[in-house]
Amino acid sequence: MSSLSIHRNDTVKVLTGADRGKTGRVLRAFPDKGTVLVEHVRVVKKTVSSKSGQRTKGGIAEQESPINVSNVALVCPTCGVARVGFKTEGTTRQRVCKKCGTELPTKK
Ligand SMILES: [Zn+2]
């Protein structure tokens, strides 16, 4: 079970670094590392060499790098940038926006 308060498919806002202020969708979460991969955030350019016999061209490919979850904030669909709280109902731990109380569903 994920120990992160930010999950895949969440929309987050970047708080620090070169991509500060950007919002993006979480592509992957790495709970053991405490990092997330956010769409269009911390994009690194990688040089791709062309392979003989293939149609793929050599050149520059862009790929996201994981960033620490402490550097992003979850965007609440109701009120914007939010802090995540938890509400325990029975055996399930529901994520809620601390600001407005909106329940933040965990998409699968
Ligand atoms: Zn909210």
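Residues numbered from 1 in each chain as written. Predicted model: local features only at pLDDT ≥ 70, side-chain atom pairs only at ≥ 80, totals over all residues. Heavy atoms only, no water.

What follows deals with the packing of aromatic side chains. Per the counting criterion, the structure on display carries 0 aromatic pairs. Looking at K33, its charged tip hangs above the ring of F30, at a distance of 5.6 Å from the centre. Note that R93 overlies the ring of F86, its terminal NZ or CZ placed 3.9 Å from the centroid. (Phe/Tyr/Trp six-rings, centres within 6.5 Å; stacked < 30°, edge-to-face > 60°. Lys NZ or Arg CZ within 6 Å of the ring centre and 35° of its normal.)

On to the pattern of salt bridges. Across all of its chains, the model carries 6 salt bridges by this definition. Note that R95 is salt-bridged to D10, the shortest N-O span being 2.8 Å. Taken together, the residues span a long stretch of sequence, with R95 in strand β10 (residues 92–97) and D10 in the segment before β1 (11–14) at a distance of 85 residues. Here R95 falls in the buried class, since its relative accessible area comes to 2%. Its relative accessible area of 9% is what places D10 among the buried residues. Here K45 makes a salt bridge to E62, at a shortest N to O gap of 3.2 Å. Of this pair, K45 sits in strand β4 (residues 43–48) while E62 is found in strand β5 (residues 59–64), placing the two residues 17 residues apart along the sequence. The exposed category is assigned to K45, whose relative accessible area is 61%. Of the residues examined, E62 reaches a relative accessible area of 54% and is grouped as exposed. Residues joined by salt bridges that share partners form a network here, namely K87, E89 and E103. (Salt bridge = Lys/Arg side-chain N within 4 Å of Asp/Glu carboxyl O. Helix = DSSP H or I, 4+ residues; strand = E, 2+ residues; numbered from the N terminus. Buried < 20%, exposed > 50% of the residue type's maximum accessible area, 1.4 Å probe, protein only.)

To continue, consider the confidence of the model for the chain. Per-residue confidence for the chain gives a mean pLDDT of 88, with 90% of residues at or over 70. At the level of individual helices and strands, the chain shows its lowest average pLDDT in β4, which scores 87, and its highest in strand β3 (residues 35–38), which scores 97. (pLDDT = per-residue confidence, 0-100.)

In sheet architecture, strand pairing relies on hydrogen bonds along the backbone and comes in two forms, parallel and antiparallel. The 3 strands are arranged β9-β10-β11 in an open sheet whose pairing can be described as antiparallel. Each of the sheet's edge strands pairs with one partner strand only, and the pair in question is β9 (84–89) and β11 (103–104). Inspection of the sheet shows β10 paired to β11 by 2 bridges, in the antiparallel sense. Residue pairing across strands places R95 opposite L104, the latter belonging to β11. (Pairing = 2+ DSSP bridges.)

Quick look at the coordination of the zinc ion now. Taken together, C76 (SG), C79 (SG), C97 (SG) and C100 (SG) make up the protein donors of the zinc ion, found 2.2 to 2.4 Å from the metal. Each of the 4 donor atoms bound to the zinc ion contributes to angles spanning 104 to 117°, and the resulting shape is tetrahedral. Mapped onto the sequence, the donors of the zinc ion take the spacing C-x2-C-x17-C-x2-C. Here C100 lies in the loop between β10 and β11 and C76 lies in strand β7 (residues 72–76), a separation of 24 residues in the sequence. You can call C76 buried: its relative accessible area is 3%. Here C100 falls in the partly exposed class, since its relative accessible area comes to 37%. (Donors = N, O, S within 2.8 Å, 3.2 Å for Na, K, Ca; no water. Tetrahedral: all angles 85-135°; square planar, octahedral: opposite > 155°, others 65-115°.)

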